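Take a look at the letters that make up each chain.
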Amino acid sequence: MRTFRLVISCPDRVGIVAKVSNFLAAHNGWITEASHHSDNQVGWFFMRHEIRADSLPFGIEVLREKFAPIAEEFSMDWRITDTEQKKRVVLMASRESHCLADLLHRWHSDELDCEISCVISNHDDLRSMVEWHGIPYYHVPVNPQDKQPAFAEVSRLVKQHDAEVVVLARYMQILPPELCREYAHKVINIHHSFLPSFVGAKPYHQASLRGVKLIGATCHYVTEELDAGPIIEQDVVRVSHSDSIEDMVRFGRDVEKMVLARGLRYHLEDRVLVHGNKTVVF
């Protein structure tokens, strides 16, 4: 069923829900899902509504035009999206295939409602898997001595494909600050939840030596500060002394796949609202 998603964040005050609900009811808008959250610590209000598109007497552009005065009255940061318009996604990867393969499978199985425009990688290892899905694959090597040309090409490709979201599916390069700023809250990354306890190479080996009992993964938006952006989703799995390093790596990959897929789904469904360095996920 086609719906319009109305997503709002604004300073908290009395009457926001009533104003929005009355506006939609006045136009016979049929709300199929409604979510609200008031953050008392910062005095901010968050809302997400899904409205049946066929219940309204006009299309999305008129809806935006008619809603604009309410948005101005309440100083809202807002957007209205159409589920009929699939978001364009660019995936980026290096050599590890588990996250990329999982997202491609979910997309191929219609579990992810999006358009995967292309895959960009600094290695050529995953080309055959990607092209089997009929998706363009761009090999953009990164010279450790001068990374700027590679990232200039990455930026060009992202713009060429008019990407609305970029997913780092175990892309093992740090994006330059200017790219992070340009695509703020539009670049999604995954990392194991050992950070910052076990940084550097072979984190699962380090964790095994320390006898950890939980391993996990964190999906977050990319910012200039490495692995410190607003968190979208997290999960953990319990391990014990009987698990080998190979077991822990396998468990870690499984949880990374699940967390990245859920985080991307939440973003595609306009469920993630960012305020400062914190998210509200409906």
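The name given to the protein in an unreviewed UniProt entry is Formyltetrahydrofolate deformylase, with Pseudomonas hamedanensis as the source organism. The Catalytic activity (unreviewed entry) field of the UniProt record for the protein holds the comment "(6R)-10-formyltetrahydrofolate + H2O = (6S)-5,6,7,8-tetrahydrofolate + formate + H(+)".

Draft legend 1. Fine view of unusual backbone geometry. Unlike most non-glycine residues, asparagine 28 shows phi in positive territory, near 65°. Tracing the chain through its elements places asparagine 28 in the loop between helix 1 (16-26) and strand 2 (31-39). Of note in this structure, aspartate 162 is not a glycine but carries a positive phi near 50°. Examined against the element boundaries, aspartate 162 turns out to sit in the loop between helix 5 (148-160) and strand 8 (165-168).

Draft legend 2. Geometry of the sheet that holds strand 8. The seven strands lie next to each other as 7-6-5-8-9-10-11, forming an open sheet whose pairing is mixed. Two strands close off the open sheet at either side, each with one partner strand: strand 7 (137-139) and strand 11 (231-238). Looking at each pair of strands side by side, their axes are set apart by 20° on average, direction ignored. Pairing geometry for strand 10 (residues 214-221) and strand 11, over seven bridges, is antiparallel.

Draft legend 3. Seen up close, the environment of histidine 133. In this structure, histidine 133 sits in the loop between helix 4 (127-132) and strand 7. Residue histidine 133 is classed as buried on the basis of its relative accessible area, which comes to 18%. Taking the C-alpha atoms as reference, histidine 133 lies 9.0 Å from histidine 105; in sequence the two are 28 residues apart. Those residues in contact with histidine 133 that sit more than four places away from it in its chain are Leu104, Trp107 and His108. There is a polar contact of 2.9 Å between the side chain of histidine 133 and the backbone oxygen of methionine 129.

Rules used throughout
Residues numbered from 1 in each chain as written. Predicted model: local features only at pLDDT ≥ 70, side-chain atom pairs only at ≥ 80, totals over all residues. Heavy atoms only, no water. UniProt positions renumbered as here; feature names shortened; annotations may be inferred. Helix = DSSP H or I, 4+ residues; strand = E, 2+ residues; numbered from the N terminus. Pairing = 2+ DSSP bridges. Axes fitted to C-alpha atoms, helices over the stretch in contact; angles between N-to-C directions. Buried < 20%, exposed > 50% of the residue type's maximum accessible area, 1.4 Å probe, protein only. Contact = heavy atoms within 4.5 Å. Polar contact = N/O pair within 3.5 Å; in protein donor to acceptor, adjacent residues only side chain to side chain.

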